[in-house]
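# Observations on chain architecture
If you want the building blocks of each chain, they are given just below.
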2 protein chains.
Amino acid sequence: MEAHSVFNQTIAGIGGLDEAAVREAKRRLDRLTKPPGSLGRLEEIAARVAGMTGTLQPDLAKKAVVVMAGDHGVCAEGVSAFPAEVTPQMVLNFLNGGAAVNVLARHAGADVVCVDVGVNADLSHPDLIDCKVRKGTGNIAVGPAMSREEAVRAIEAGILVVDRLARQGYGLLATGEMGIGNTTPSSAIFVALTGADIEAAVGRGTGIGDEALARKRDVVRRAIEANRPDRDDPLDVLAKVGGLEIAGLVGVILGAAVSRIPVVVDGFISSVAALAASRLAPLSAHYMLPSHLSQERGHRLLTEHLGLQPILGLDMRLGEGTGAVLAFSIVEAAIKLMNEMATFESAGVSER
Amino acid sequence: MEAHSVFNQTIAGIGGLDEAAVREAKRRLDRLTKPPGSLGRLEEIAARVAGMTGTLQPDLAKKAVVVMAGDHGVCAEGVSAFPAEVTPQMVLNFLNGGAAVNVLARHAGADVVCVDVGVNADLSHPDLIDCKVRKGTGNIAVGPAMSREEAVRAIEAGILVVDRLARQGYGLLATGEMGIGNTTPSSAIFVALTGADIEAAVGRGTGIGDEALARKRDVVRRAIEANRPDRDDPLDVLAKVGGLEIAGLVGVILGAAVSRIPVVVDGFISSVAALAASRLAPLSAHYMLPSHLSQERGHRLLTEHLGLQPILGLDMRLGEGTGAVLAFSIVEAAIKLMNEMATFESAGVSER
């Protein structure tokens with residue numbers, strides 16, 4: 001394919017919800033044996049998924065969390081509680097089924113699809129999808145994370161992975177990521193795209209102390225000053241202060257939207273990718289489903305920017321897609337309620 | 001058995017958590033491949049369930065939601081959006097598998113155990129457990145709901161149902177209820193036990209308008225004035241301003257606690273029963289697990305009284321145990337994470 005043609009065609013191909021299906025879903029929900037609206041956000045989720053997929057009976061049997069992995073040059077600044085070597089170690093943990101996201105995916109009947117977009121190590125495993133764009137980003141505190149061309153290639157990696165999953169019949173996706181140091185570029189993207197206050201946008205990640213937190217805030221400030229990302233150009237922001245796996249997740253979300261597959265957005269880093277996706281293609285926001293409220297500072301504000309109010313409050317701060325995979329069961333429950341509950345007529349129950 | 005002996009023996013038999021199991025669970029959780037504490041409340045749930053059951057590998061395969069049903073004389077005051085005949089209609093809907101709680105229970109791999117503690121109709125169905133104490137309560141706006149003796153019998157119904165489920169190997173329970181009008185006695189119990197403000201404790205239930213809401217608040221005020229329940233005597237409160245299914249749920253919770261079975265507490269009405277249970281037997285609170293934050297006004301305040309912070313925010317207001325059954329999957333996920341994740345050593349992942 002031509003350079004950027006995948007990216008451009010995807011952006012152009014994303015459409016809105018099927019409003020007729022949304023209306024039909026709402027009509028059905030109001031005939032079920034319950035006070036109108038009493039299932040709350042489960043009704044909203046059911047109607048929205050009907051609109052995304054164009055049917056009240058979407059096939060959600062095949063589910064996957066796409067875990068994008070990449071490394072970060074900014075780790076040289078001492079912004080993470082863990083050494084960078086943990087990124088490839090955790091990728092192998094994912095491939096061997098031992099990480100939290102693996103346990104939760106098995107519990108949900110979902111697959112973990114692991115993609116190397118930019119890990120700074122030579123990895124080889126039959127189940128690893130190799131889309132490596134480069135071995136880690138540059139240090140954003142002093143220069144760009146990557147070139148604009150590389151950012152597009154990372155996004156296209158996500159798009160192409162989802163395109164394959166769509167052809168394999170996957171009906172429900174979630175976003176996940178692994179990349180030691182990646183809350184730092186996530187905060188920088190958040191600040192660059194929204195003008196949010198650095199204090200509000202930078203948190204403790206995997207658990208840094210006060211000193212490292214002050215350093216991390218300074219790093220985000222320097223990253224913005226050194227790179228001057230253009231707020232109105234999401235590709236510029238992703239290239240200058242982003243991350244390869246974050247750009248990959250932007251592609252996962254755009255790819256889900258163009259294939260009309262609901263995609264559950266995980267915590268802070270995934271939400272930053274979702275924000276960038278919604279700036280590149282506003283209609284992509286229709287295909288996003290909420291999951292949990294992360295403990296990471298800034299996530300609540302970010303969910304407000306996204307209009308994606310969390311449904312789970314578990315004080316998690318792990319990433320990997322763990323919160324999103326936990327929400328799979330709730331999305332499936334919403335669809336089952338819409339289709340399997342009795343109506344007032346069929347059950348002989350009196351209405352008010 | 002002697003009168004009240006089941007009740008008294010149960011109260012006396014409830015013990016605290018197995019602290020050694022809690023410590024062992026926390027040690028294990030801290031060895032898993034994740035930043036310490038990053039699974040948030042999932043870690044807390046896993047450790048608490050270990051403490052309840054005395055093992056890190058509790059058998060949660062058999063799960064049930066116990067739906068207690070009863071009618072309310074106070075419906076004569078026009079406090080509900082639905083006619084009282086809906087109680088027996090919905091009980092049949094539960095037994096035929098068509099209600100929301102049935103769909104969610106099937107989704108969770110759980111059984112719906114339906115108990116008639118006080119429905120004002122002659123019901124007969126092979127799957128209905130008949131523990132009817134009386135056909136509905138008296139109108140609490142003008143007199144007591146039931147006698148103290150009847151309240152104890154309703155509690156004992158819940159205890160005996162759970163005792164049978166425990167012997168059948170059920171490892172995880174949830175509370176559910178059906179009873180048109182039952183948010184009114186629930187609010188009255190809440191006010192009587194805590195001195196909460198009537199404005200804060202009375203909400204719209206299944207969806208009444210402003211006029212009916214004002215009437216409902218007045219009814220709760222009159223119920224407290226007419227009956228003068230003794231705040232320090234939970235049995236007196238349940239008898240005077242309670243409900244048969246609410247007392248039944250108190251028994252379900254006490255029965256779960258004495259059998260060391262985790263019990264997930266549903267929304268407003270179930271939380272009121274949980275509050276009464278914790279007043280009768282403070283150690284019973286150790287066996288309660290949180291579920292959702294109901295849209296019913298007063299539920300948030302009630303969860304604070306209980307110290308049971310919700311984990312699901314779905315704006316539901318249906319009851320039946322629907323929110324609690326949705327939380328089953330999360331409780332199971334917490335236990336699986338504790339047991340199935342790799343440790344830093346086994347996965348060869350570096351620690352900070």
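Right above here is the structure, for reference.
Residues numbered from 1 in each chain as written. Chains lettered and ligands numbered in written order. Predicted model: local features only at pLDDT ≥ 70, side-chain atom pairs only at ≥ 80, totals over all residues. Heavy atoms only, no water.

## Details of the overall build of chain A
Heads up, the condition is: For helices the rule is a DSSP run of H or I covering at least 4 residues; for strands it is a run of E covering at least 2, with both sets numbered from the N terminus onward. In this setup the radius of gyration rests on C-alpha atoms only. A globule is expected at 2.2 Å times the number of residues raised to 0.38. Each residue's exposure class comes from its accessible area (1.4 Å probe, protein chains only) as a fraction of the maximum for that residue type: buried when under 20%, exposed when over 50%, partly exposed otherwise. The contact definition used throughout considers only heavy atoms, calling two residues in contact when any of these lie within 4.5 Å. For the accessible areas, the method is Shrake-Rupley and the probe is 1.4 Å, while residue cover comes only from the protein chains on display.
Helices and strands together make up the secondary structure of chain A, namely 15 helices and six strands. Its C-alpha atoms give chain A a radius of gyration of 20 Å, near enough to 20 Å, the size a compact globule of 352 residues would have. Each principal axis of the C-alpha atoms in chain A carries an extent, and together these give about 70 × 45 × 40 Å. Buried residues in chain A amount to 66% of all 352 residues. Restricting the contact set of chain A to residue pairs at least 6 apart, pairs at least 24 apart contribute 77%. For chain A, the exposed surface amounts to about 11700 Å²; the carbon and sulfur share of it is 47%.

## A few points about the interface of chain B and chain A
Quick note on the threshold: Two parts lose some accessible area (1.4 Å probe) when they are put together, and adding that loss for both gives the buried area. One side-chain nitrogen of Lys or Arg within 4 Å of one carboxyl oxygen of Asp or Glu is enough to make a salt bridge. In protein, a polar contact means a hydrogen-donor-capable atom and an acceptor-capable atom, both N or O and within 3.5 Å, with residues adjacent in sequence counting only if both atoms are side-chain atoms; elsewhere, any N or O pair within 3.5 Å suffices.
Residue-level contacts link 54 residues of chain B with 54 residues of chain A. For the pair chain B and chain A, the summed buried area comes to about 4400 Å², and 61% of that belongs to carbon and sulfur atoms. Interface area lost by chain B to chain A is led by His107(B), Leu314(B) and Arg352(B), which between them contribute 13%. The tally of links between chain B and chain A comes to two salt bridges. One salt bridge connects Glu340(A) with Arg106(B), and the closest N-O pair in it is separated by 3.5 Å. Taken together, the connections running from chain B to chain A amount to 20 residue pairs in polar contact (both at pLDDT 80 or more).

## A few points about the state of the cysteines
Going by this rule: Note that a disulfide, as used here, is simply two cysteine sulfur atoms within 2.5 Å.
Summed over the entire model, instances satisfying the criterion amount to zero disulfides over all chains. Of all cysteine sulfurs, the one in Cys131(A) lies closest to Cys114(A), which takes part in no disulfide; the gap is 11 Å. With a relative accessible area of 3%, Cys114(A) lands in the buried category. Here Cys75(B) stays free of any disulfide, with the sulfur of Cys114(B) as its closest cysteine sulfur at 18 Å.

## Some words on the nonpolar core
The tendency in soluble globular proteins is for nonpolar side chains to be buried side by side. The cut-off we apply is this: To form a nonpolar core, buried Ala, Val, Leu, Ile, Met, Phe, Trp, Tyr and Cys residues must be joined to one another through side-chain atoms within 4.5 Å.
Formed by 286 residues in total, the largest nonpolar core has its most connected members in Ile155(A), Leu254(A), Ile155(B) and Leu254(B). Sequence-distant contacts of Ile155(A), defined by excluding residues within four places in its chain, comprise Phe7(A), Leu235(A), Leu238(A), Ala247(A), Gly248(A), Val250(A), Gly251(A), Leu254(A) and Leu280(A).

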